[in-house]
Amino acid sequence: MEKQPSSFLGTGWSFPPTFSRCTGGVLMVSNDQDIRESLWVLLSTSLGERVMLPSYGCELRQMVFRSINTTLTRQIQDYVQQAILYWEPRIAVDAVTVQRDASVDGMLSITVSYIVTQTNTRSNLVYPFYLQEGSIPVQGP
């Protein structure tokens, strides 16, 4: 693994993990990009999915196949805020909004607006959450 410059906001593996053919090492990300990718991993991980850290993750997958209503959006907001509170200490959440995506049926856009506490930098992350399973249309002969 090649030596990366130190970052006071952190340095971690890129997501998805990518390997360099030249150096044979893992590509690393730092600073704001590391925080964004950490949030993406946190929201994509179900509780209990990590054997050595079963309380890591977010309960979003429990919401699959539920009907979209105010209760669902409020539960999703709470789950996201709680997961970030416990597992991403580098940021302070301003707001979590959940909106139905008009372009894709069954998709919600979860927008997390946050402040990086060390630099007082504002940023946001839009995480697509699918309430229905994806399917490929069947082609006739």
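None of these values were measured; they are calculated from a predicted model.

Chemist: What is the right way to look at the pattern of salt bridges in this model?
Modeler: Working definition: two side chains of opposite charge can pair if their charged atoms are close together. Under the definition given, this model contains 5 salt bridges. Across the salt bridge formed by Glu49 and Arg61, the nearest N and O atoms sit 3.6 Å from each other. Remark: Arg61 occurs in the loop between helix H1 (31–44) and helix H2 (70–87) and Glu49 occurs in the loop between H1 and H2; sequence separation between them is 12 residues. For Arg61, a relative accessible area of 48% puts it in the partly exposed group. Salt bridges sharing common partners tie together Asp34, Glu88 and Arg90.

Chemist: What exactly am I supposed to notice about the packing of H1 against H2 here?
Modeler: When two helices pack together, their arrangement is given by the angle between the helix axes and the distance between those axes. In contact at an axis separation of 10 Å, H1 and H2 are set at 125 degrees when each is read in the N-to-C sense. With respect to H2, the axis of H1 lies oblique. For H1 against H2, the interelement crossing comes out right-handed. Here Leu39, Leu42 and Leu43 of H1 come into contact with H2, specifically with Val80, Ala83, Ile84 and Trp87. Here the residues of the contact of H1 with H2 are counted per class, giving 7 nonpolar, no polar and no charged.

Chemist: Would you explain the confidence of the model for the protein in this entry?
Modeler: Any segment with low pLDDT has predicted coordinates that should not be analysed in fine detail. Per-residue confidence for the protein averages 84 on the pLDDT scale, and 85% of its residues sit at or above 70. Across the protein, the element-wise mean pLDDT spans from 69 in strand S1 (residues 11–13) up to 96 in H2. A low-confidence stretch, residues 136–141 (pLDDT under 50), is modelled with 0 contacts involving residues beyond four sequence positions or located in other chains.

Chemist: When you look at the sheet that holds strand S5 (residues 121–130) in this model, what are you seeing that I'm missing?
Modeler: Hydrogen bonds between backbone groups are what pair the strands of a sheet, and the pairing can be parallel or antiparallel. Strand order in the open sheet formed by 3 strands is S3-S4-S5, with antiparallel pairing between adjacent strands. This sheet does not close on itself; its edge strands, each paired only once, are strand S3 (91–100) and S5. The sheet shows a mean angle of 20 degrees between the axes of neighbouring strands, direction not considered. Pairing analysis gives 9 bridges linking S3 to strand S4 (residues 107–116), with the strands arranged antiparallel. The residue bridging Val98 from the neighbouring strand is Ile110, located in S4.

Chemist: For this particular structure, what's the right way to read unusual backbone geometry?
Modeler: What you tend to see is this: most non-glycine residues have negative phi, and most peptide bonds are trans. Located in the positive-phi region is Phe65, a residue other than glycine, with phi close to 70 degrees. When you line up the elements, Phe65 lands in the loop between H1 and H2. Judged by relative accessible area, which is 60%, Phe65 ranks as exposed. A positive phi angle is found at Asn120, which is not glycine, with a value near 60 degrees. Residue placement: Asn120 occurs in the loop between S4 and S5. Take Asn120: its relative accessible area is 62%, and that puts it in the exposed class.

The rules behind these values
Residues numbered from 1 in each chain as written. Predicted model: local features only at pLDDT ≥ 70, side-chain atom pairs only at ≥ 80, totals over all residues. Heavy atoms only, no water. Salt bridge = Lys/Arg side-chain N within 4 Å of Asp/Glu carboxyl O. Helix = DSSP H or I, 4+ residues; strand = E, 2+ residues; numbered from the N terminus. Buried < 20%, exposed > 50% of the residue type's maximum accessible area, 1.4 Å probe, protein only. Axes fitted to C-alpha atoms, helices over the stretch in contact; angles between N-to-C directions. Parallel < 35°, antiparallel > 145°, perpendicular 65-115°, else oblique. Left-handed = near helix turned anticlockwise from the far one by under 90°. Contact = heavy atoms within 4.5 Å. Nonpolar A, V, L, I, M, F, W, Y, C, P; charged D, E, K, R; others polar. pLDDT = per-residue confidence, 0-100. Pairing = 2+ DSSP bridges.

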